[in-house]
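# What the coordinates show
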Amino acid sequence: MSRHPAPARIDEGTIRALPKAEVHVHLEGTFSLADILLLARENGAALPGPAATLFDITTHDAFAAPEVTTGGGAGAGAAGLSGFLRFLDWQCGLVRTAAQAARVAYAFAARQSASGVLYSDVIVNPTHWNAWRGREIELMRALAAGFDEAEQDGLCAVGIAYSLLRGQSAASADDAVAALAAARPARVIALSVDGDEKVTGRTGEKFREAFARAKAAGLRRTVHAGESSGPVGVWDALDLLGAERIDHGVRAVEDPALIARLVSDGISLGVCPRSNLTLGLYRTWEEHPLPRLLDAGVSVTLNTDDPAPLGSSLEADWAVTAAEYGFDETDLIGFAARSIEASFADDDRKAALRAELEHAARRLAVAEVPSA
Ligand code: ADE
Ligand code: ZN
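Predicted model only: the values in this text are computed from it and were never measured. (Residues numbered from 1 in each chain as written. Chains lettered and ligands numbered in written order. Predicted model: local features only at pLDDT ≥ 70, side-chain atom pairs only at ≥ 80, totals over all residues. Heavy atoms only, no water.)

Turning to the packing of aromatic side chains, a few remarks are in order. Evaluation of the coordinates by the stated rule reveals 10 aromatic pairs. Here W285 and Y325 contribute two aromatic rings whose centre-to-centre distance is 5.8 Å and whose plane-to-plane angle is 70°, an arrangement assigned as edge-to-face. Of this pair, W285 sits in the loop between helix 11 (273-278) and helix 12 (290-295) while Y325 sits in helix 13 (residues 314-325), placing them 40 residues apart in sequence. By the burial criterion, W285 is buried, and Y325 matches it. Site record: aromatic cluster; members linked through ring pairs are W285, W318, Y325, F327 and F335. For K20, the ring lying beneath its charged end belongs to W318, and the centroid distance is 5.8 Å. Positioned above the aromatic ring of F335, the side-chain terminus of R338 is 4.6 Å from the ring centre. (Phe/Tyr/Trp six-rings, centres within 6.5 Å; stacked < 30°, edge-to-face > 60°. Helix = DSSP H or I, 4+ residues; strand = E, 2+ residues; numbered from the N terminus. Buried < 20%, exposed > 50% of the residue type's maximum accessible area, 1.4 Å probe, protein only. Lys NZ or Arg CZ within 6 Å of the ring centre and 35° of its normal.)

Structure (structure tokens):
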């Protein structure tokens, strides 16, 4: 992997043209400003601040963080992770009808397609969607209708990772998984857990049963860890929750034994460097461990997390990461290849995606797709 300043910044058009998957992106983090303003108008809901600066979350008292934040500057990130999650609660609370849910799902698929994403696992945490409390399966069905329509229109195919929130109770997590296992809503392919572990502390034990039941019901497992928690959160994700993939996981770099485990078990990390910098986990690109994780042989994918409120896109994040670390086109093809392998797409779709990527690599005159 080259790690020297690239001779020229890789054009975002080249990145868009690379067939790829995205595996760590929250539906809640993809509503555009126009989507949100339309939802607010449809519901007659007051905005927490001026429309034009809605994503400057720290300027709105409604999301003020009681705890000290590590973020800096204006924008969504300066509110820190907890303030940011409160913003998501407000925003998703505006989605009240099945048609509105289908519309945001469709918009997600269109957004992914515009970035050259052919398949995406998307994280959906129903606890943010407060109009759907007690009707979470209905929410999944409404979203699936939007994803179905999008796929029929030739847009990105989507699988849903249904997410628990770190702060919810063991009983409500067990109930959620029991409901999923009974209803088997279309497109829900995985169980996830997200939220702020700095606030909740360790919760692996609390969710152990829910994840075991999800596995028994045939759901895949992905876990946010090693972002608001240190290496211990990643150990718990592996040992207590049976995680097949880790969302973020970057703080695993602090524990060599953990890195060895990730490599030996082929556990992929869904890394989101721009989100980590914006939300204040690392101050600089030099501090961010992405190159060290790659050098250690960990399977790393490159993702956005919450691109709309964080003011980014997948192609912009790949371009800036390549520029900062000197990645060339072959390196980016490697990221695309790993994104396909790490995804929860089925075998047929993975084979089709691999073939598309090989074709694109030939067009870019890269002889061989680097092994994932
Ligand atoms: N939910 C949305 N974005 C998140 C993040 N970066 N960490 C944890 N939970 C989240
Ligand atoms: Zn995330």
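Next, the rest of the story.
We now examine the confidence of the model for the protein. Residues of the protein with pLDDT of at least 70 account for 94%, and the chain-wide mean is 93. This model gives residues 67-74 a pLDDT under 50, and the stretch forms 13 contacts once residues within four places in sequence are excluded. (pLDDT = per-residue confidence, 0-100. Contact = heavy atoms within 4.5 Å.)

Take D305: it is sitting in the loop between strand 8 (299-302) and helix 13. By relative accessible area, D305 is classed as buried at 2%. For the pair formed by D305 and A182, sequence separation is 123 residues and the distance between their alpha carbons is 29 Å. The contacts of D305, once residues within four sequence positions are left out, are E22, H24, V25, H26, H224, E227, H248, C272 and S275. Polar contacts involving the side chain of D305 include one to the side chain of H24, which spans 2.7 Å. (Polar contact = N/O pair within 3.5 Å; in protein donor to acceptor, adjacent residues only side chain to side chain.)

Turning next to the site of ligand 1. Surveying the vicinity of ligand 1 reveals the residues H26, L81, L85, L88, D194, G195, H224, E227, H248, L279, D305 and D306. Between a nitrogen atom of ligand 1 and a main-chain N or O atom of G195, the distance comes to 3.0 Å. In this structure, a nitrogen atom belonging to ligand 1 sits 2.7 Å away from a side-chain N or O atom of E227. Computed on the free molecule, ligand 1 has an accessible area of 260 Å², of which 100% lies beneath the protein chains in the complex. Among the cavities detected, the one that contains ligand 1 is the largest cavity. A per-element tally of the shell around ligand 1 places helix 3 (residues 80-92) first, with three residues. (Near = heavy atom within 4 Å. Areas by Shrake-Rupley, 256 points an atom, 1.4 Å probe, with all protein chains shown as cover. 1 Å grid on protein atoms, 1.4 Å probe; cavity = no way out; pocket = protein on both sides within 12 Å on 5 of 7 lines; lining within 4 Å. Sits in = over half its atoms within 2 Å of the grid points.)

All of the protein donors around the zinc ion (ligand 2) are H24 (NE2), H26 (NE2), H224 (NE2) and D305 (OD); their distances to the metal are 2.0 to 2.1 Å. Considering all four donor atoms around the zinc ion (ligand 2), angles at the metal cover 81 to 168° and the coordination shape is irregular. Binding-site remark: the zinc ion (ligand 2) is held by donors from one chain whose sequence spacing is H-x1-H-x197-H-x80-D. Remark: D305 occurs in the loop between strand 8 and helix 13 and H24 occurs in the loop between strand 1 (20-22) and helix 2 (33-43); sequence separation between them is 281 residues. (Donors = N, O, S within 2.8 Å, 3.2 Å for Na, K, Ca; no water. Tetrahedral: all angles 85-135°; square planar, octahedral: opposite > 155°, others 65-115°.)

Here the focus is the pairing of strand 7 (residues 268-271). Both faces of strand 7 are covered, namely the face carrying S268 and G270 and the face carrying L269 and V271. When strand 6 (residues 245-248) meets strand 7, the two strands line up parallel, connected through three bridges. Of the residues in strand 7, the one forming a bridge with R245 is S268. A crossover links strand 6 with its parallel partner strand 7, the connecting element being helix 10 (residues 256-265), and its sense is right-handed. (Pairing = 2+ DSSP bridges. Right-handed = clockwise from strand over helix to strand, strands pointing away.)

Our focus in this paragraph is the layout of surface pockets. By volume, the second largest pocket is sized at about 200 Å³. Lining the second largest pocket are 14 residues, and of these S82, L85, L165, G195 and D196 lie nearest its centre. Contributing elements (two or more residues each) for the lining of the second largest pocket: helix 3 and helix 7 (197-200). For the lining of the second largest pocket, the per-class residue count stands at three nonpolar, six polar and five charged. (Points joined across faces, edges and corners; volume = space filled by probe spheres on them. Nonpolar A, V, L, I, M, F, W, Y, C, P; charged D, E, K, R; others polar.)

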